[in-house]
Amino acid sequence: MILWEEVEVSYGGRRVLGPITLDVADGEWLGLIGPNGAGKSTLLKTAVDVVDYSGTVSRREEPLRSGLDVAWMPQRPHLPDAMGVADYVMLGRTPHLGLLTPESRHDVDTVRSALEKLDLDSFGRRPLGTLSGGEAQRAVLARALAQEAPVLLLDEPTASLDVGHAVEVLDVVDELRHREGLTVVVAAHDLTLAGRFADRLVLLSEGILAAEGSPEEVLTEETLRAHYGPGVRVIDDDDGPIVVPMRINHG
Amino acid sequence: MNKAFSATTARPARLRGGAIALGVGALLVVSLVGLLVGAAGIPIRGVFRALANAIPFVDIDHGLSDVELRVLFEIRLPRVVLGALVGAVLSVAGAAYQGVFRNPLADPYLLGVAAGAGLGATLALLLTETDGLVAPFAFAGGVAAVLVTYVLGRSVGGRSTITLILAGVAVAAFATAIQTYLLQSNVETIREVYSWILGRLVTVGWSEVITLLPYLVVAAAILFGSRRLLDVLSLGDEEAEGLGVNVGRVRWVIVVSATLATAAAVSVSGLIAFVGIVVPHTIRLFLGWSYRIIIPMSMLLGASFLMAADVAARTLVAPAELPIGVVTAFLGAPFFLLILRTMRGPT
C-alpha cells in the first residue's frame, strides 16, 4: 500500500498542501476530488518526488522509487511534436534502463503491448504533433503503462476527452487494474465519473483532507456545496450519485 | 501481418547504417581534401603514396622530398585532425546544450565560456606579449566564467534553467566589458586579440591535438552515454524526474563535460562561431529529433564541416588565409537558411 504521512508542501512560505495523512490499499482505486487549487496535483507530485515536501511517502514501508514504483501521468504532459508515438512510449522504460544498456526484447514487447492495450498499434510511427486530443491522452497513458509500475497516478486523465472516450479510457485502466493488480489514484474534476470508478473518494479542499469515504458518502449535496459552492446538485441514480451543475442566478 | 507490423513500430528511433556511412564518408573525403590542398603545392600522387607508405608494413616509393613530407605530416595532417576535433566538440556540445536547456538557440557559448575565454586570451596577450600562454589562459577564463555563471544561477533560482541562462548572459556581458576596456587602453594588441577571436587552426604541430584529445574523448563518451537521457529531458524536468531521472545531476554532468571540452577547443582554435548551432539543426532537419541520432552524427558531421571550412579558409584568398570563424558564419549562415527554406514544415 501507499502511505502519505504528515505530508506538507509550501511554495514561497505559503502552505498549499497538508498536513495530510492518507493510505491507499493495494489494488484499490482512489479518486481524488476537490476544487481548483485544492492540492490534488500537488499530492500526486509528492509521490513521484517532483515537488519539495516534508513528511514521508512510502510503499509497503519502503521509500518510493520514482518511476519504478509509481507511474505518473501529469495533467499537462509535454508532448514533443516530432517524436513518434512508439518512441514516446519507450521513454516509459527509462526507469528500467541502465545508462549504456540498449533496449531489450522485453522493453520492445512491453511498449508494443502498451500500445495494443490502448488501441494505438497502428500509431507507432505517427509524430505526437499529429494526434487528436484523445489519441494523445492515450499515448500518455500508454507511456505510464510501459513503466510497469504497480501504482498508477493519473492527474486529470480525461480532462481533454469527450464523455465516450473518457469512459473508454477509464474502463481500460480499470480492466488493467483487475488483470494486473494495479493500484490506481486518479485526480478528477468530473465528480460523477470519479464516483463511477472509484472504490473510495477523497475530497481535498484548500490543501486539507475535507471528506473521505465511498462515492455515496462523499458525493452529497451538503458536502459538495460546502466546498464547491451552491451551484451543485446531486441526483441519486441506481449506479451511484450524479453530480450536475445548477444555475444560481436565473437572469 | 499485424504482429510483424507492430513489432517494427515499437522499436525505438535509432541511427541507421546509411547515416553512419554518410557521416564517415564525408569525414574521409573532407580530410583527404584537407591533406591535398595547401600552399606548398605537393603533388597529389605523392600525397596518396606517402599516406599509403605511412601504413605499417607498406613500403611505397612516394617521391616526396623531406621538406614535403614534413609539410604533409607535421603541418597539414595535425591541422586536419585539429579541425576535425574542434568541429566535433563544438557541434556535439551545441547539440547537448540544446537538449539540456530545451532551447534551440543554446550553444556552447551560452553560459559565458566564449566571453571568458576571450578575456583570458586578451589578458595573456597583454601580460606576456607572446602567444604561448593564450591557450591555457583562454581555457582558464572560459571555465572560470561558466563557474561564476553556475554559482550565480544556482544562488538565485531553484529548479529552473532560465536563471542559469540569464546569469550566463550577465557574466558574458561583464567579461566582454572588461575585455573591451583592456583593449581600449592597449590599442596595439587589438589586432592579435581579434585574430584569436575570429578563430584559426594554425598549429605548431601535434601538441594542440594532444592537449585537446583527452577532453574530447571524455566529453564524447559522456555525451554519447547521455543520448537517451537527453531524449527524456525533452519531456521537461518534472516528467523526467517522474521517470526516475535525477535531472539536476544529469544536467550538471552534461553541462560540465560539454563546457570543459568547448573551453579546451576554443583555447586552441579561437572563437569559431555558428558550428554548434548549424550542425545539430541541420541533422535535426534531415534525421529527426532523437539525440540517439543527433549526438553521434553531430560529432561526425561537425568534424567534416569544420575541416571543409578550413579548406575554404586556406584557399579562397590564397596565398592569404581567412579566419575560419568568418568562413563558418559567412558560408554557414546562408547554407543554413537555405536548408530551413527547403525543409520548412513542422519541426
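Residues numbered from 1 in each chain as written. Chains lettered and ligands numbered in written order. Predicted model: local features only at pLDDT ≥ 70, side-chain atom pairs only at ≥ 80, totals over all residues.

This paragraph deals with the overall build of chain B. The helix and strand inventory of chain B stands at 15 helices and zero strands. Since a compact globule built from 347 residues should have a radius of gyration of about 20 Å, the 21 Å found for chain B is in line with a globular shape. A principal-axis box enclosing the C-alpha atoms of chain B has dimensions of 70 × 65 × 40 Å. Here chain B holds 347 residues, and the buried ones make up 49% of them. At a minimum sequence separation of 6, the contacts of chain B that also span at least 24 residues come to 76%. (Helix = DSSP H or I, 4+ residues; strand = E, 2+ residues; numbered from the N terminus. Rg over C-alpha atoms; globule rule 2.2 N^0.38 Å. Buried ≥ 20, exposed ≤ 12 C-beta atoms within 10 Å, placed from the backbone. Contact = placed C-beta atoms within 7 Å.)

We now examine unusual backbone geometry. Glycine aside, residues mostly have negative phi angles, and peptide bonds mostly take the trans form. Phi is positive for E6 of chain A, close to 50 degrees, though the residue is something other than glycine. By the element assignment, E6 of chain A lies in strand β1 (residues 2-11).

Further remarks concern the sheet that holds strand β2 (residues 14-24) of chain A. All names here are of chain A. Spatially, β2-β1-β4-β5 is the arrangement adopted by the four strands of the open sheet, whose pairing is antiparallel. Both edges of this open sheet fall to β2 and β5 (62-63), since each of them pairs with a single strand only. Contacting β1, β2 and β4 (54-59), helix α1 (residues 40-47) crosses the sheet at an angle of about 115 degrees to β1. (Pairing = 2+ DSSP bridges. Axes fitted to C-alpha atoms, helices over the stretch in contact; angles between N-to-C directions.)

It is worth spelling out the confidence of the model for chain B at this point. All names here are of chain B. This prediction gives chain B a mean pLDDT of 84; 93% of its residues lie at or above 70. Taking the mean pLDDT of every element in chain B, the minimum, 47, falls on helix α1 (residues 2-9) and the maximum, 93, on helix α14 (residues 291-315). Contacts from residues 1-7, a stretch scored under 50 in pLDDT, to residues over four places away or in other chains number five contacts. The complex model carries a pTM of 0.87, and its ipTM stands at 0.90. (pLDDT = per-residue confidence, 0-100.)

All names here are of chain A. Bridge count between β1 and β2: seven bridges; the pairing is antiparallel. Looking across to β2, one finds that V7 is bridged to I20. As consecutive antiparallel partners, β1 and β2 are separated by two residues, and within that stretch G12 has a phi angle of approximately 55 degrees, a positive value. As paired elements, β1 and β4 share five bridges and run antiparallel to each other. Across the sheet, residue E5 finds its bridge partner in β4, namely T56.

Turning next to the domain arrangement of chain A. Residue and element names in this part refer to chain A. Along its sequence, chain A is carved into domain 1 (1-69 + 150-218) and domain 2 (80-148). At the interface, 10 residues of domain 1 touch 12 residues of domain 2. At four residues, the largest contribution of residues to the side of domain 1 that touches domain 2 is made by helix α5 (residues 163-180). (Domains from an automatic or database assignment.)

With that out of the way, let us pick up the interface of chain A and chain B. The extent of an interface is frequently quoted as the accessible surface area lost upon association of the parts. The interface is formed by 33 residues belonging to chain A together with 25 residues belonging to chain B. At four residues, the largest contribution of residues to the side of chain A that touches chain B is made by helix α3 (residues 105-117) of chain A. Across the side of chain A that touches chain B, the residue classes break down as 18 nonpolar, seven polar and eight charged. (Nonpolar A, V, L, I, M, F, W, Y, C, P; charged D, E, K, R; others polar.)

With that out of the way, let us pick up the nonpolar core. For soluble globular proteins, the rule of thumb is that nonpolar side chains tend to be buried together. Core analysis: the largest hydrophobic core is formed by 180 residues, its most contacted members being V89 and L153 of chain A together with V89 of chain B. In terms of residue count, helix α4 (residues 66-101) of chain B provides more of this core than any other element does, 17 residues in total. When residues of this core are assigned to domains, at least three map to each of domain 1 (1-69 + 150-218) and domain 2 (80-148) of chain A. For L153 of chain A, the contacting residues outside a window of four places in its chain are L44, A47, V48, V70, A71, W72, M73 and V185 of chain A. (Core = buried A, V, L, I, M, F, W, Y, C linked by C-beta atoms within 7 Å.)

So, on to the environment of W72 of chain A. The residue W72 of chain A is located in strand β6 (residues 70-73) in this model. You can call W72 of chain A buried: it has 27 C-beta atoms within 10 Å. Considering only alpha carbons, one finds W72 of chain A and L141 of chain A, 69 residues apart in sequence, at a separation of 9.0 Å. For W72 of chain A, the contacting residues outside a window of four places in its chain are L44, V48 and L153 of chain A together with G242 of chain B.

Residues and elements named next belong to chain A. One open sheet accounts for six strands, arranged β6-β7-β8-β3-β9-β10; its pairing is mixed. Looking at the sheet topology across the chains shown, the edges are occupied by β6 and β10 (208-213). The sheet shows a mean angle of 15 degrees between the axes of neighbouring strands, taken without regard to direction. Here strand β3 (residues 29-33) runs beside strand β8 (residues 183-187); their pairing, made up of four bridges, is parallel. Its bridge partner being in β8, L32 is matched across the sheet by A187.

Quick look at the environment of S58 of chain A now. Residue and element names in this part refer to chain A. Its place among the elements puts S58 in strand β4. Under the C-beta neighbour-count criterion, S58 is labelled partly exposed, with 16 such atoms within 10 Å. For the pair formed by S58 and L99, sequence separation is 41 residues and the distance between their alpha carbons is 26 Å.

All names here are of chain B. α14 packs onto helix α13 (residues 275-287) with a crossing angle of 125 degrees between their chain directions and a minimal axis gap of 9 Å. Overall, the two elements α13 and α14 adopt an arrangement that is oblique. The interaxial crossing formed by α13 with α14 has right-handed handedness. Between α13 and α14, the residues in contact are V275, V279, P280, I283, R284 and L287 and I293, I294, M297, S298, L301, G302, F305 and L306, respectively. (Parallel < 35°, antiparallel > 145°, perpendicular 65-115°, else oblique. Left-handed = near helix turned anticlockwise from the far one by under 90°.)

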